[in-house]
Amino acid sequence: MQENDTDGGNEVRRGSSGYEPVRAVLRAFRVLEEVNRLGQARLPEIVRAVGLPRATVIRMLDTLEVADLVHRDPDQAVYQATPKVHLLSSGFNFNLWLESATTPILLKLLRRIGWPSDILMLHGREMVVSHSNRGHSVIDINPRFIGMRSPVLGSASGRAYLAWCPEDERERLIRIVCNLQDQRRIRAEIKHTRAAGYGSRDIALPPNVGALAVPVMIGDRVACCIDTVFLPQVTTAAEVARKCLGPLREAATEIAAEMSMTTQSKKSQGFFALSTT
């Protein structure tokens, strides 16, 4: 017969062996789940979410950081789950899955529009290229693409992420990536991005390439973004949008369907439902 106990007001179930669970491990997982759910959060937000003493939460976060499951931005003192959390999902290798699931979509997109595309995910203050079809493109635009980073502010994918992520996440990101004086301008850019229907790259950012990006939505959250990269000396952003935006959105919908199907599969098997952001 299984016995139950309590931990901070929450019922703790004993395992089938009857041994009492290791409470520190349970607490660490609670903290990790909340950090993952919040996306990016400061310590007070995490303490409120888990309902544990501040000192306990700090120890748990430090432990998770050492395990490379949580990343702490030293400048802004915010925490975010790292891609390593996907390894907790029954040996599920997210990067391999992403490559396998999205390569056919990216190759079809390349055949349709001609310009190369990337899938980018938020990591701290930057958007990171997780997969790309650049290696299959005859257009040589920065072939060292995997792991390439772009700032949230000014990049096409970053602007798309900010424009379509939930409001609470957007406000946290704005506070993290820009100072108080710039926040009004950033909110105006977000409004413009939503009106346009896509994010566009700031032409002042090096190198001299253009990009348009749209979000990949899972419910009301941005799982990742997909962009199209082009050469401004060859064509204009308006022409790329006219030709490529429809296929780009279709690719985003296909990727979202693949991600949703995998998420539902993991939930049905009782594994962690981990955010891709």
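Everything numeric in this text was worked out from a predicted model, so none of it was measured.

Re the pairing of strand E4 (residues 70-73)
Working step 1: Note that E4 and strand E5 (residues 78-81) share four bridges and pair antiparallel. Within E5, the position partnered with Arg-72 by the bridge is Tyr-79.
Working step 2: Remark: four residues form the turn of the hairpin made by E4 and E5, two consecutive strands paired antiparallel; Ala-77 in that turn has positive phi of roughly 55 degrees.

Some details on helix H3 (residues 54-66)
Working step 1: Its 13 residues give H3 an end-to-end C-alpha distance of 18 Å, which sits within 8% of 18 Å, the value for a rise of 1.5 Å per residue.
Working step 2: All of the buried residues along H3 are Thr-56, Val-57, Met-60, Leu-61 and Leu-64. Buried residues in H3, looked at end-on, bunch into an arc of 130 degrees, giving them a common side. Turned more than 90 degrees away from the buried face of H3 sit Arg-54 and Val-66, all of them exposed.
Working step 3: The secondary structure elements touched by the buried residues of H3 are helix H1 (23-38), helix H2 (43-50), E4 and E5.
Working step 4: Where H3 terminates, the next one or two residues include Asp-68, which has phi positive at roughly 60 degrees.

Brief notes about the sheet that holds E4
Working step 1: Strand order in this open sheet of three strands is E3-E5-E4, and the pairing throughout is antiparallel. The sheet is open, and its two edges are formed by strand E3 (41-42) and E4, each paired on a single side.
Working step 2: Each of E3, E4 and E5 is contacted by H1, which is oriented at about 95 degrees to E5, the strand it contacts most.

Concerning the pattern of salt bridges
Working step 1: Applying the stated rule across the entire model yields 14 salt bridges.
Working step 2: As a salt-bridge pair, Glu-254 and Lys-108 come within 3.0 Å of each other at their nearest N and O atoms. Residue Glu-254 is located in helix H8 (residues 237-268), and its partner Lys-108 is located in helix H4 (residues 94-113); the two are separated by 146 residues in the primary sequence.
Working step 3: Given the relative accessible area of 28%, Glu-254 is considered partly exposed.
Working step 4: Across the salt bridge formed by Arg-185 and Glu-189, the nearest N and O atoms sit 3.0 Å from each other. Of the two residues, Arg-185 and Glu-189 both sit in helix H7 (residues 183-196), four residues apart, roughly one turn of that helix.
Working step 5: With a relative accessible area of 42%, Arg-185 lands in the partly exposed category.
Working step 6: Here Glu-189 falls in the partly exposed class, since its relative accessible area comes to 22%.

Here we look at the packing of aromatic side chains
Working step 1: Considering all chains together, one arrives at one aromatic pair under this definition.
Working step 2: Pairing Trp-115 with Phe-230 gives two aromatic rings, centres 6.5 Å apart and planes at 70 degrees, and the pair type is edge-to-face. In this pair, Trp-115 sits in the loop between H4 and strand E6 (117-123) while Phe-230 sits in strand E11 (residues 221-230), placing the two residues 115 residues apart along the sequence.

Analysis parameters
Residues numbered from 1 in each chain as written. Predicted model: local features only at pLDDT ≥ 70, side-chain atom pairs only at ≥ 80, totals over all residues. Heavy atoms only, no water. Pairing = 2+ DSSP bridges. Helix = DSSP H or I, 4+ residues; strand = E, 2+ residues; numbered from the N terminus. Expected span 1.5 Å × (residues − 1). Buried < 20%, exposed > 50% of the residue type's maximum accessible area, 1.4 Å probe, protein only. Arc of directions from axis to C-beta. Contact = heavy atoms within 4.5 Å. Axes fitted to C-alpha atoms, helices over the stretch in contact; angles between N-to-C directions. Salt bridge = Lys/Arg side-chain N within 4 Å of Asp/Glu carboxyl O. Phe/Tyr/Trp six-rings, centres within 6.5 Å; stacked < 30°, edge-to-face > 60°.

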